Amino acid sequence: MRTQKRRALVLSSEQSGHPFRRSLPAHVLEVPAHLRPAVDDEALAARRWKLRGGDWQQFLAAYCASFLAIFTFII
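Reading the values: the criteria
Residues numbered from 1 in each chain as written. Predicted model: local features only at pLDDT ≥ 70, side-chain atom pairs only at ≥ 80, totals over all residues. Heavy atoms only, no water. UniProt positions renumbered as here; feature names shortened; annotations may be inferred. Helix = DSSP H or I, 4+ residues; strand = E, 2+ residues; numbered from the N terminus. Patch = residues over 30% accessible without salt bridge, like charges linked within 9 Å, V, L, I, M, F, W, Y side chains within 5 Å. Areas by Shrake-Rupley, 256 points an atom, 1.4 Å probe, with all protein chains shown as cover. Salt bridge = Lys/Arg side-chain N within 4 Å of Asp/Glu carboxyl O. Buried < 20%, exposed > 50% of the residue type's maximum accessible area, 1.4 Å probe, protein only. Phe/Tyr/Trp six-rings, centres within 6.5 Å; stacked < 30°, edge-to-face > 60°.

(A) Structural view of the UniProt feature "transmembrane region" (unreviewed entry) in the chain. Look at the UniProt record and you will see "transmembrane region" (unreviewed entry) annotated at residues 56-74. The span residues 56-74 is 100% helix and 0% strand, and its two end C-alpha atoms sit 27 Å from each other.

Encoded structure:
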């Protein structure tokens, strides 16, 4: 009779992934420093994605115009 293996719900990086990737040394999987995003870049990207009052107004205007155009053609 085989016993069932108890497995963790969350696997660590060493346990997850393809067997070939697990066999590679750690320095191979590291991201080079020149490719890592800087903290300032992340803050700038977060500010770009934040919606302001004018963005909401433009979105609402476009949504209402599209709704009215489609509703007009249906009726």
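After presenting the structure, the write-up continues.
(B) Main features of a nonpolar patch on the surface. A surface patch of nonpolar side chains, about 1,300 Å² in accessible area, is lined by Leu 51, Trp 56, Phe 59, Leu 60, Tyr 63, Phe 67, Leu 68, Ile 70, Phe 71, Ile 74 and Ile 75. Following the sequence through the fold, Ile 75 ends up in the segment after α4 (53-74). Given a relative accessible area of 73%, Ile 75 falls into the exposed group.

(C) Representation of the packing of aromatic side chains. By the definition in use, this model includes three aromatic pairs. Plain terms: the ring middles of Trp 56 and Phe 59 are 6.3 Å apart, the flat faces sit at 85° to each other, and that makes the pair edge-to-face. In this pair, Trp 56 and Phe 59 are both assigned in helix α4, three residues apart and thus about one turn of the helix distant. Note on Phe 67 and Phe 71: the rings are 5.9 Å apart at their centroids and 10° apart in plane angle, and the pair reads as stacked. Residue Phe 67 and its partner Phe 71 are both found in helix α4; the two are separated by four residues, about one turn of the helix. Here Phe 71 falls in the partly exposed class, since its relative accessible area comes to 44%.

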